[in-house]
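Inside the fold
Residues per chain are reported as follows:
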Amino acid sequence: MTVPTGFVHWPLVGGPGVVIEGEARLTLAVARAEEFTPPASAISRQIVVRLADGSMPATELMVGRWEIALSLVGASRPRFYFDVTPQHTAAEPLSLALVAPITPSATERLVVNEQLRRDALEAAQAAGLSAEQARASVDNAGTQALDPGR
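Conventions and cut-offs
Residues numbered from 1 in each chain as written. Predicted model: local features only at pLDDT ≥ 70, side-chain atom pairs only at ≥ 80, totals over all residues. Heavy atoms only, no water. Helix = DSSP H or I, 4+ residues; strand = E, 2+ residues; numbered from the N terminus. Buried < 20%, exposed > 50% of the residue type's maximum accessible area, 1.4 Å probe, protein only. Contact = heavy atoms within 4.5 Å. Areas by Shrake-Rupley, 256 points an atom, 1.4 Å probe, with all protein chains shown as cover. Phe/Tyr/Trp six-rings, centres within 6.5 Å; stacked < 30°, edge-to-face > 60°. Pairing = 2+ DSSP bridges. Polar contact = N/O pair within 3.5 Å; in protein donor to acceptor, adjacent residues only side chain to side chain.

Observations regarding the overall build of the protein
- On a plain count of helices and strands, the protein comes out with two helices and seven strands.
- What you see in the protein, going N to C, is helices and strands ordered as β-β-β-β-β-β-β-α-α.
- Taken across its 150 residues, the protein has 25% of its residues classed as buried.
- Once local pairs closer than 6 in sequence are excluded, the contacts in the protein between residues at least 24 apart make up 69%.
- For the protein, the exposed surface amounts to about 9,900 Å²; the carbon and sulfur share of it is 56%.

Next up, the structure:
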């Protein structure tokens, strides 16, 4: 029995118009097959792929769970895991861009949280104003009921 493999690639690691240099370090975390020839322990468990023109070229990997760590020039990206299956062929490789988690930076979270805070404050102020207007209307109606001549 031969080792089952699949293919992965990552087009435009930096995104459209951004060419990032560096390398991808792929490490086998869990092999998916029990009866490999050669045994899984004899297979290289770490592969380093240089980025070419800002992309990771199609790379053949053993079927299983892999971890990717990117060493990039002037950028960073957290490590993550992905699964390679025999369905990931050379013609239809797994696109790591589609399985990479989206992790906003601290400044992006702050902007999002700041906007949410402002929206919540505005809603609270509007609700508080409405509550005060309602109390005033009730107080006014109560005063008019006690003194119909008003």
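Describing the packing of aromatic side chains
- Under the counting rule described, the total for this entry stands at two aromatic pairs.
- Centroid distance Trp-10 to Phe-80: 5.9 Å. Interplanar angle 70 degrees. Geometry classified as edge-to-face. With Trp-10 in strand 1 (residues 5-10) and Phe-80 in strand 6 (residues 80-84), this residue pair connects regions lying 70 residues apart in the sequence.
- Look at Phe-80 and you get buried, because its relative accessible area is 6%.
- On the numbers, 6.3 Å between centres and 55 degrees between planes, the contact of Phe-80 with Phe-82 is tilted. Exposure class is identical for Phe-80 and Phe-82. Each is buried.
- By way of ring pairs, the aromatic residues Trp-10, Phe-80 and Phe-82 are connected into one cluster.

Things to note about the pairing of strand 5 (residues 64-72)
- With seven of nine residues buried, strand 5 lies mostly within the body of the structure.
- Looking at chain direction, strand 5 and strand 6 are connected through five bridges and run antiparallel. Of the residues in strand 6, the one forming a bridge with Trp-66 is Phe-82.

Observations concerning the side chain of Glu-23
- Within the fold, Glu-23 resides in strand 2 (residues 22-31).
- A distance of 3.1 Å separates polar atoms of two side chains, one belonging to Glu-23 and the other to Arg-25.
- When sequence neighbours within four positions are dropped, the list of residues in contact with Glu-23 reads Val-48, Val-49, Arg-50, Leu-51, Ala-69, Leu-70 and Ser-71.

Remarks on the sheet that holds strand 1
- Taken together, the three strands give an open sheet; going across it, the order is 4-1-7, and neighbouring strands pair in mixed fashion. Each having just a single partner strand, strand 4 (56-62) and strand 7 (94-95) make up the two edges of the open sheet.
- Of the pairings in the sheet, the one linking strand 1 to strand 7 comprises two bridges and is parallel in character. Directly across from His-9, in strand 7, lies its bridge partner Ser-95.

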